[in-house]
Protein chains: 4
Amino acid sequence: MIDVGIIGGSGYTGGELIRLLSNHQYTNIEICTSRKFAGKKVSDVHRHLKVFLDLEFEDVSPRDLRNRCDVIFLAVPHGTSMNIVPDIMGENTKVIDLSADYRINSQTFEMLYGIKHTDKRDVTYGLPEIHPEISENHLIANPGCYPTGAILSAAPLAKSELINSVIFDSKSGITGAGVNPTHKSHYPNMAENVQPYKLTSHRHYAEIFQELSLMDESLINVNFTPHVIPSIRGILTTAHIFTNKQVSTDEIKSMYTEFYKDEPFVRVIDNIPTLSAVKGSNFCDIGFEIDVNNNRVVVISAIDNLVKGAAGQAIQNMNLMCGFDETEGLWIPAMSP
Amino acid sequence: MIDVGIIGGSGYTGGELIRLLSNHQYTNIEICTSRKFAGKKVSDVHRHLKVFLDLEFEDVSPRDLRNRCDVIFLAVPHGTSMNIVPDIMGENTKVIDLSADYRINSQTFEMLYGIKHTDKRDVTYGLPEIHPEISENHLIANPGCYPTGAILSAAPLAKSELINSVIFDSKSGITGAGVNPTHKSHYPNMAENVQPYKLTSHRHYAEIFQELSLMDESLINVNFTPHVIPSIRGILTTAHIFTNKQVSTDEIKSMYTEFYKDEPFVRVIDNIPTLSAVKGSNFCDIGFEIDVNNNRVVVISAIDNLVKGAAGQAIQNMNLMCGFDETEGLWIPAMSP
Amino acid sequence: MIDVGIIGGSGYTGGELIRLLSNHQYTNIEICTSRKFAGKKVSDVHRHLKVFLDLEFEDVSPRDLRNRCDVIFLAVPHGTSMNIVPDIMGENTKVIDLSADYRINSQTFEMLYGIKHTDKRDVTYGLPEIHPEISENHLIANPGCYPTGAILSAAPLAKSELINSVIFDSKSGITGAGVNPTHKSHYPNMAENVQPYKLTSHRHYAEIFQELSLMDESLINVNFTPHVIPSIRGILTTAHIFTNKQVSTDEIKSMYTEFYKDEPFVRVIDNIPTLSAVKGSNFCDIGFEIDVNNNRVVVISAIDNLVKGAAGQAIQNMNLMCGFDETEGLWIPAMSP
Amino acid sequence: MIDVGIIGGSGYTGGELIRLLSNHQYTNIEICTSRKFAGKKVSDVHRHLKVFLDLEFEDVSPRDLRNRCDVIFLAVPHGTSMNIVPDIMGENTKVIDLSADYRINSQTFEMLYGIKHTDKRDVTYGLPEIHPEISENHLIANPGCYPTGAILSAAPLAKSELINSVIFDSKSGITGAGVNPTHKSHYPNMAENVQPYKLTSHRHYAEIFQELSLMDESLINVNFTPHVIPSIRGILTTAHIFTNKQVSTDEIKSMYTEFYKDEPFVRVIDNIPTLSAVKGSNFCDIGFEIDVNNNRVVVISAIDNLVKGAAGQAIQNMNLMCGFDETEGLWIPAMSP
């Protein structure tokens with residue numbers, strides 16, 4: 001049994017970490033921090049967790065954290081993790097950072113996030129299907145929600161150096177924007193609507209580009225446009241991929257099946273994925289169709305942005321780092337419908 | 001052609017007043033005020049109104065208002081109207097106040113709203129189906145959204161002194177809570193959910209009780225519980241009415257049809273009303289079913305909270321006060337589906 | 001390890017039984033039947049269950065069922081169970097019927113469902129919080145979804161014989177109406193709408209009346225009106241309860257807490273329940289508010305109609321009948337938001 | 001005053017034609033046909049239209065139609081119009097066909113729709129912003145909903161022969177699929193979900209390709225993928241356009257503004273369009289953003305699929321054909337929020 005700390009536990013990601021860890025047989029949630037709710041019961045904030053944990057939010061020092069926890073999840077805003085990580089990294093502490101701080105190189109980070117990076121170090125990008133070296137590391141940068149769905153949808157084709165250009169057109173639920181009400185999350189603005197935003201300049205683009213470039217360094221023409229649709233959870237990504245030579249349905253099917261054959265959470269399916277088959281679960285469903293006319297492959301991926309796109313993937317990373325079964329605590333079907 | 005001013009025009013009610021008045025052949029929108037957006041184009045805030053009016057929000061004095069407008073709509077927060085009304089009432093100015101300030105007697109107002117009333121005067125309650133004297137007044141208190149649906153659903157039975165007790169269980173869209181994002185209006189809290197609130201203590205209760213008491217002074221057992229459901233617009237009220245003697249379906253049908261026979265905006269229908277048949281329109285649909293067992297009549301009313309429950313009713317009041325046809329500018333069908 | 005059969009496994013209830021049983025450590029799903037989908041993989045119909053079970057739908061005889069299963073869940077239409085039960089009941093077989101066939105006395109059943117009852121026998125009503133004798137029975141009638149929420153909301157007050165009259169005003173998600181598309185479930189008719197129906201004559205009324213009468217035989221004035229709201233899952237019931245004497249908030253709180261003190265799935269909370277805190281889980285959340293004016297208590301209960309209102313409760317019954325821990329396989333938090 | 005006939009008036013398009021024509025000062029709805037509902041009041045099917053027209057559905061012969069109507073709208077299934085048109089075309093009858101029968105050349109039609117075309121003739125494609133010759137014709141093929149949004153989003157760039165390739169990624173409300181319940185329109189499958197479909201083979205592609213080719217005959221690389229999102233109405237199209245040379249924001253802005261300067265229903269805006277600003281109205285809002293990296297322009301268009309994408313555009317065509325003001329009956333703002 002290991003002791004787990006969740007730093008910044010009052011948001012959606014914190015709630016999901018607790019929900020999922022309540023089914024994990026080797027972890028004990030030791031600390032859950034929140035500056036805002038310190039002293040308040042966790043289940044008074046996350047009401048659905050009532051009777052599942054008897055813990056109050058605390059506001060503790062990094063040293064305290066290091067002493068009390070074997071694994072620490074950082075579910076804090078961008079720019080905050082870099083101030084905590086140096087103090088909590090110890091010989092035996094494992095850290096999974098769910099913020100953007102360590103996902104991309106610090107120079108790009110500074111440009112995109114407008115924050116000076118104060119803890120420059122090489123950190124493994126925590127997408128387990130792509131980075132087997134996760135198990136050997138003590139600090140992991142958990143991927144962004146959009147990049148998780150986008151990269152997994154294109155990776156086998158990128159690895160095969162078959163991509164000429166790709167447009168990721170993503171449709172996301174609103175929980176990616178967090179627990180605090182905004183003009184964007186206001187129900188009258190969300191319901192029965194679609195909200196495209198940052199049409200050409202979303203910051204997650206850098207992660208997508210970085211990871212695909214690692215697989216195919218000649219790949220330049222990568223494009224990404226996000227939309228919010230009326231859904232609490234989920235990201236469906238439509239990857240319009242133009243290939244540099246004609247490929248058949250069978251070739252693509254083999255390529256994807258082979259690429260993900262040892263990955264428990266990627267399901268290459270024969271139909272078109274939808275959000276309802278993955279919600280609440282750690283799965284990424286992938287399906288596709290060939291358009292022979294313009295050498296286009298349309299690949300669809302579906303994930304739950306809060307699970308495979310955040311908390312679930314973080315636990316998957318923890319499992320790998322701690323030598324647990326990769327699926328421990330995560331082997332639950334989606335809630336559907 | 002009369003000149004109209006809208007005080008507090010940046011909210012949902014303001015937007016609806018403009019939308020509906022754009023179809024009114026005898027009005028010109030002269031002023032639209034907003035402290036927050038003064039100097040900004042109205043259609044930059046209400047984007048759907050682009051090309052319909054070329055006006056900027058102003059921040060003007062009451063005297064200015066009185067000089068430039070024949071009719072003034074007050075779409076301001078509770079407690080604000082009472083500070084404006086004394087300054088804008090003039091010999092030829094007609095005022096429709098959409099706030100709660102003048103709807104109930106000032107003593108009850110002070111108790112419920114916790115605000116000292118500084119302009120105590122008798123004002124007609126602007127529910128045209130109940131108060132024919134509206135046409136003779138210069139200041140009208142436009143009813144609350146819940147009371148509009150509740151009172152209209154029970155009025156014929158109250159007038160006949162047949163009600164023993166009544167429970168109004170109302171289901172409302174979220175726009176009643178306004179244009180500003182809140183925890184309650186946050187999409188993840190609204191979608192796929194129901195939010196009961198103020199189970200026994202909503203302030204609109206006072207209006208409902210006041211109006212039904214005017215029809216049947218012995219009626220004491222009146223109850224009201226509101227809920228927010230996943231809908232932008234609309235209020236559906238389920239009135240569980242226990243009668244003091246047995247009544248038949250035919251009797252109720254006749255009673256309601258007769259009561260509303262000259263009212264263009266109340267449709268007594270043979271089916272069960274739903275929100276989708278009234279959205280965007282000024283109609284109140286009413287249907288019912290008899291439960292002989294316990295002398296219960298279940299009456300359902302459906303309105304659009306922003307139209308018959310606010311802006312539409314205000315224009316209906318203006319039409320009556322100005323001698324226009326009661327339906328002018330309002331004779332548009334609901335947008336359905 | 002016991003072998004479980006699900007008769008009629010292609011609907012929502014079947015899907016939920018499988019989803020929940022996939023977390024149950026003492027059960028093996030041996031058979032899943034469907035006439036329509038016989039020969040097709042279960043996970044091709046319930047796509048979210050892919051990789052969780054490798055089973056095809058079968059179309060088998062009752063004798064086959066009895067031989068291969070220790071526990072059988074009947075998730076078939078009303079009027080069908082009574083034709084199957086006599087053939088599958090054996091010395092060692094336990095049966096949980098999720099249809100209406102055995103919930104109410106056969107005379108009332110015949111009147112309400114318009115079907116001749118061919119297997120009249122006394123069967124325990126499977127609401128575990130009310131009927132401790134479940135553990136001693138081999139055939140259980142799993143309650144309707146509305147009755148589960150309604151009865152639990154009023155039981156403590158009924159038991160104390162404090163209820164004068166009660167109106168259950170229920171708001172349900174659409175999955176209660178099943179997996180087949182109808183005019184009612186058509187998205188343009190559901191979204192942004194409320195659909196009241198069977199205002200005074202829903203068949204679940206008989207179950208509610210039966211169970212409350214068992215607690216307080218003098219209770220006559222019981223009323224029920226259902227509504228469909230834009231939600232996939234969940235039933236929120238607003239119980240307007242008029243008491244025969246004044247009761248305080250503390251008294252009610254104590255009464256409910258005491259009544260449910262040994263019941264793991266009923267959470268008496270200090271706030272107003274909402275659907276989002278119970279979705280996907282087997283919990284029933286209960287909260288309330290007192291209206292001193294008219295001796296009214298407004299009690300709110302929230303359940304997931306497919307879990308506590310169907311499949312979850314059925315598994316809870318199985319656990320009790322088989323001597324497992326009552327919460328086995330069901331101790332999972334709601335998915336929220 | 002002209003007499004109008006609506007053939008196939010019981011669907012969503014029929015309902016919208018009536019809703020909009022009820023505000024048109026020069027038309028009288030003379031006939032509304034429906035085989036299924038013949039003899040039933042139109043407002044018993046379209047309940048929101050109660051009190052707006054006192055007409056029953058009829059089932060009449062083409063000859064009858066021709067004698068009684070000046071203008072006929074065909075809102076019938078694909079493959080049906082071609083059997084009606086030859087019989088109703090007369091010297092003075094004007095016909096707007098809302099089906100696909102005459103939109104594309106008959107050879108392509110036969111291939112895509114699998115129906116033999118029995119009435120091959122050249123018909124003008126009724127997109128008024130592109131085809132000024134509409135006013136001189138007696139038979140118009142009203143465009144598909146997706147093509148309307150897609151073509152308008154790309155036309156100015158196509159006309160300037162600046163497009164290298166274009167991917168139209170469209171997000172549609174479900175009413176495009178019609179009034180009859182299907183697995184796809186079933187609320188539990190629609191809500192909180194996205195449904196991509198016909199990823200590379202939707203039939204509307206042919207219209208899009210045809211119209212863009214007319215503007216730039218060298219344009220080959222045109223791609224289209226549709227999705228259904230949780231919305232009753234509306235189509236938002238994200239046009240990812242790769243240009244054959246670099247263009248600036250100002251150039252695009254000028255190009256679009258100039259192209260649409262005389263078109264009352266296209267609003268080129270400075271923000272990102274959303275569905276809520278156009279719902280219920282005949283407007284097409286267009287906005288865009290430049291991605292200098294890959295010579296990509298992301299253009300967003302938003303329309304109401306039932307109005308500008310069907311009934312509204314049909315009335316716009318009628319206005320042009322009859323010499324009325326183009327905006328007559330259509331100059332109403334969207335209902336927002």
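Please read these numbers as outputs of a predicted model, since none were measured by experiment.

## Structural notes on the overall build of chain A
Thinking step 1. Within chain A one finds ten helices and 13 strands.
Thinking step 2. Whereas a compact globule of 337 residues would reach a radius of gyration of roughly 20 Å, chain A reaches 19 Å, a difference of no more than 12%.
Thinking step 3. Structurally, chain A occupies a C-alpha span of about 60 × 45 × 40 Å along its principal axes.
Thinking step 4. Here chain A holds 337 residues, and the buried ones make up 66% of them.
Thinking step 5. Contacts in chain A between residues far apart in sequence, at least 24 positions, make up 70% of those at least 6 positions apart.
Thinking step 6. Taken as a whole, chain A presents about 11,400 Å² of accessible surface, with 44% of it coming from carbon and sulfur.
Thinking step 7. One finds the centroid of the 28 positive side-chain charges in chain A at a distance of 7 Å from the centroid of its 40 negative side-chain charges.

## Concerning the interface of chain D and chain A
Thinking step 1. Taken together, the contact pairs 44 residues of chain D with 44 residues of chain A.
Thinking step 2. In total, about 3,500 Å² of surface goes out of reach between chain D and chain A, with carbon and sulfur atoms giving 57% of it.
Thinking step 3. Sorting the residues of chain D by area buried against chain A places Glu192, Leu199 and Thr200 of chain D first, and these three jointly supply 18% of that buried surface.
Thinking step 4. For the pair chain D and chain A, the number of links is four salt bridges.

## Here's the deal with the interface of chain C and chain D
Thinking step 1. With 19 residues of chain C at the interface, the matching set in chain D holds 19 residues.
Thinking step 2. Taken together, the two surfaces of chain C and chain D that pack against each other cover about 1,400 Å², and 71% of this comes from carbon and sulfur.
Thinking step 3. For the pair chain C and chain D, the interface holds twelve residue pairs in polar contact (both at pLDDT 80 or more).
Thinking step 4. Considering every element that reaches the side of chain C that touches chain D, the biggest residue donor is helix 7 (residues 187-190) of chain C, with four residues.
Thinking step 5. For the side of chain C that touches chain D, the per-class residue count stands at ten nonpolar, nine polar and no charged.

## Regarding the relation of the copies chain C and chain D
Thinking step 1. Placing chain C over chain D gives an RMSD of 0.0 Å and needs a rotation angle of 180°, together with 0.0 Å of translation along the axis. Here the symmetry operator amounts to a two-fold rotation axis.
Thinking step 2. Interface residue correspondence from chain C to chain D reaches 100%, placing this contact among same-surface, isologous pairings.

## A short note on the sheet that holds strand 6 (residues 139-141) of chain D
Residues and elements named next belong to chain D.
Thinking step 1. The strand order across the open sheet built from six strands is 2-1-3-4-6-5, with neighbouring strands paired in parallel fashion. Of all strands in the sheet, those with a lone pairing partner are strand 2 (27-33) and strand 5 (124-125), marking the two edges.
Thinking step 2. With respect to the sheet, helix 4 (residues 81-88) is in contact with strand 1 (2-7), strand 3 (71-74), strand 4 (94-97) and strand 6, its orientation differing from that of strand 3 by roughly 170°.
Thinking step 3. Lying on the sheet, helix 10 (residues 307-322) is in contact with strand 1, strand 2, strand 3, strand 4 and strand 6; it crosses strand 4 at an angle near 155°.

## Some thoughts on the environment of glutamate 16 of chain D
Thinking step 1. Topologically, glutamate 16 of chain D is positioned in helix 1 (residues 12-21).
Thinking step 2. Setting aside anything within four residues of it in sequence, one finds glutamate 16 of chain D in contact with Ser336 of chain B together with Arg233, Leu306, Val307 and Ala311 of chain D.

## Description of the domain arrangement of chain A
All names here are of chain A.
Thinking step 1. Looking at the assigned domains, one finds that chain A contains domain 1 (2-122) and domain 2 (146-304).
Thinking step 2. With centres defined by C-alpha atoms, the gap from domain 1 to domain 2 works out at 27 Å.
Thinking step 3. Counting residues at the interface gives eleven residues for domain 1 and ten residues for domain 2.
Thinking step 4. Each partner contributes to the roughly 1,000 Å² buried at the junction of domain 1 and domain 2, and carbon and sulfur atoms together form 52% of this total.
Thinking step 5. In this structure, the connection of domain 1 to domain 2 is made through two salt bridges.
Thinking step 6. Between arginine 233 and glutamate 16 there is a salt bridge whose closest N-O contact spans 2.9 Å.

## Remarks on the sheet that holds strand 2 (residues 27-33) of chain A
Residue and element names in this part refer to chain A.
Thinking step 1. Judged by pairing direction, the sheet is parallel, and its six strands sit side by side in the order 2-1-3-4-6-5 without closing on themselves. Either end of the sheet is taken by a strand with one partner, and the two such strands are strand 2 and strand 5 (124-125).
Thinking step 2. Note that strand 1 (residues 2-7) and strand 2 share six bridges and pair parallel. Bridge pairing in strand 2 places isoleucine 2 opposite threonine 27.
Thinking step 3. Packed on one face of the sheet, helix 4 (residues 81-88) meets strand 1, strand 3 (71-74), strand 4 (94-97) and strand 6 (139-141) and runs near 170° to strand 3.

Rules used throughout
Residues numbered from 1 in each chain as written. Chains lettered and ligands numbered in written order. Predicted model: local features only at pLDDT ≥ 70, side-chain atom pairs only at ≥ 80, totals over all residues. Heavy atoms only, no water. Helix = DSSP H or I, 4+ residues; strand = E, 2+ residues; numbered from the N terminus. Rg over C-alpha atoms; globule rule 2.2 N^0.38 Å. Buried < 20%, exposed > 50% of the residue type's maximum accessible area, 1.4 Å probe, protein only. Contact = heavy atoms within 4.5 Å. Areas by Shrake-Rupley, 256 points an atom, 1.4 Å probe, with all protein chains shown as cover. Lys, Arg positive; Asp, Glu negative; His and termini not counted. Charge placed at Lys NZ, Arg CZ, Asp CG, Glu CD. Buried area = accessible area lost by both parts, 1.4 Å probe. Salt bridge = Lys/Arg side-chain N within 4 Å of Asp/Glu carboxyl O. Polar contact = N/O pair within 3.5 Å; in protein donor to acceptor, adjacent residues only side chain to side chain. Nonpolar A, V, L, I, M, F, W, Y, C, P; charged D, E, K, R; others polar. Least-squares fit on C-alpha atoms with pLDDT ≥ 70 in both. Pairing = 2+ DSSP bridges. Axes fitted to C-alpha atoms, helices over the stretch in contact; angles between N-to-C directions. Domains from an automatic or database assignment.

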